Amino acid sequence: MEKEFGNTDNDNIEVAGSNENTEEDITSNSWQNQEDMADTDITRTGKNEEKIPAAKRIRNNIIELCVYVAIIVICVAFVPKYVLQRTIVDGRSMMNTLNDGENLLVEKVSYRFSDPGRFDVIVFYPHGRDSADYYIKRIIGLPGETVQIKGKDIYIDGEKLEENFGKDPITEPGMAEDPIKLGEDEFFVLGDNRTVSEDSRYEEVGPVKRENIEGRAVLRIYPLSEFGTFD
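Caption draft 1: Spotlight on the overall build of the protein chain. Counting secondary structure elements, the protein chain contains one helix and 11 strands. Taking the contacts inside the protein chain whose residues are at least 6 apart along the sequence as the reference set, 61% of them involve residues at least 24 apart. On the protein chain, roughly 15,100 Å² of surface is accessible, and the fraction owed to carbon and sulfur atoms is 52%.

Here is the structure:
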């Protein structure tokens with residue numbers, strides 16, 4: 001009977017061991033199920049996250065397209081009117097600095113913050129902004145100054161102006177044969193080709209008012225062989 005009890009104890013130990021193994025298996029299976037569920041959740045979450053970036057990409061593409069359209073509209077409507085404009089030289093009045101048919105860029109920003117300077121090459125409307133005609137000339141006299149041409153020389157407030165922009169010596173002083181007193185918003189301009197230029201020496205143009213100056217010519221862009229700045 002002791003042997004039987006002994007056997008029984010062994011059996012109980014084995015059963016207990018078997019139960020322990022079962023519990024371990026259950027525990028392992030439980031953890032495995034939890035891990036599987038976690039993996040499933042991660043996979044599902046990953047799928048959801050994939051859908052969100054796709055929606056964001058579409059939205060970003062739309063925003064990017066709108067930005068491009070806005071830039072194009074600004075370039076077409078805003079830039080030529082207020083910032084930068086292409087201008088074509090028509091005629092020989094600015095030779096040898098500028099030649100007929102050359103393309104220039106005229107910037108319109110600097111004169112909003114500073115005054116036009118002596119010797120600037122400007123684009124202006126000689127008959128006012130209601131007219132489509134525009135001229136390209138060089139500023140010689142500034143507001144408040146007195147300009148006079150004596151022979152081939154230019155005098156500012158009674159002093160000879162030292163400059164060498166003229167293609168040829170002046171032969172016709174026009175109205176500037178007598179002193180011309182410029183107003184506080186007026187500029188005296190000449191073409192560099194002074195034997196043919198129609199400029200502030202003549203009544204058809206006269207002194208140029210600040211409000212009629214469109215901008216300053218800064219860059220020659222065509223022909224490409226002459227690309228660059230100029231004096």
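Caption draft 2: Seen up close, the environment of Val205. Among the secondary structure elements, Val205 is positioned in the loop between β9 (186–190) and β10 (208–209). Here the alpha-carbon distance between Val205 and Tyr135, two residues 70 residues apart in the chain, equals 9.6 Å. Not counting residues within four places of it along the chain, the set of residues in contact with Val205 comprises Phe124, Pro126, Tyr135, Glu198, Asp199 and Ser200.

Caption draft 3: View of the pairing of strand β5 (residues 146–150). One ladder, built from two bridges, connects β5 with strand β8 (residues 180–181); its direction is antiparallel. Residue Val147 lies in a different strand from β8, and its bridge partner there is Ile180. Bridge analysis of β5 against strand β6 (residues 153–156) gives four bridges, and the strand direction is antiparallel. Opposite Val147, over in β6, you have Ile156 as the bridge partner. Linkage of β5 to β6, two consecutive antiparallel strands, is achieved through a turn of two residues, within which Gly151 is found at a positive phi near 65 degrees.

Caption draft 4: Examining the sheet that holds β8 more closely. The sheet built from four strands is open, its strands ordered β7-β6-β5-β8 with antiparallel pairing. The open sheet has two edge strands with one neighbour each: β7 (159–160) and β8.

Caption draft 5: Spotlight on the packing of aromatic side chains. Applying the stated criterion to the full structure yields two aromatic pairs. Seen in terms of ring centroids, Phe119 and Phe165 are 5.0 Å apart; in terms of plane orientation they differ by 45 degrees. Their pairing is tilted. Of the two residues, Phe119 is situated in the loop between β2 (103–107) and β3 (121–124) and Phe165 in the loop between β7 and β8; the sequence distance between them amounts to 46 residues. The exposure class of Phe165 is partly exposed, given its relative accessible area of 21%. Measuring from centroid to centroid gives 5.9 Å for Phe124 and Tyr135, while their planes differ by 80 degrees, and the two rings are edge-to-face. With Phe124 in strand β3 and Tyr135 in strand β4 (residues 135–141), the pair connects residues that are 11 residues apart, well separated along the chain. Lys137 extends its terminal NZ or CZ atom over the ring of Tyr135, reaching a point 5.4 Å from the ring centre.

Analysis parameters
- Residues numbered from 1 in each chain as written.
- Predicted model: local features only at pLDDT ≥ 70, side-chain atom pairs only at ≥ 80, totals over all residues.
- Heavy atoms only, no water.
- Helix = DSSP H or I, 4+ residues; strand = E, 2+ residues; numbered from the N terminus.
- Contact = heavy atoms within 4.5 Å.
- Areas by Shrake-Rupley, 256 points an atom, 1.4 Å probe, with all protein chains shown as cover.
- Pairing = 2+ DSSP bridges.
- Phe/Tyr/Trp six-rings, centres within 6.5 Å; stacked < 30°, edge-to-face > 60°.
- Buried < 20%, exposed > 50% of the residue type's maximum accessible area, 1.4 Å probe, protein only.
- Lys NZ or Arg CZ within 6 Å of the ring centre and 35° of its normal.

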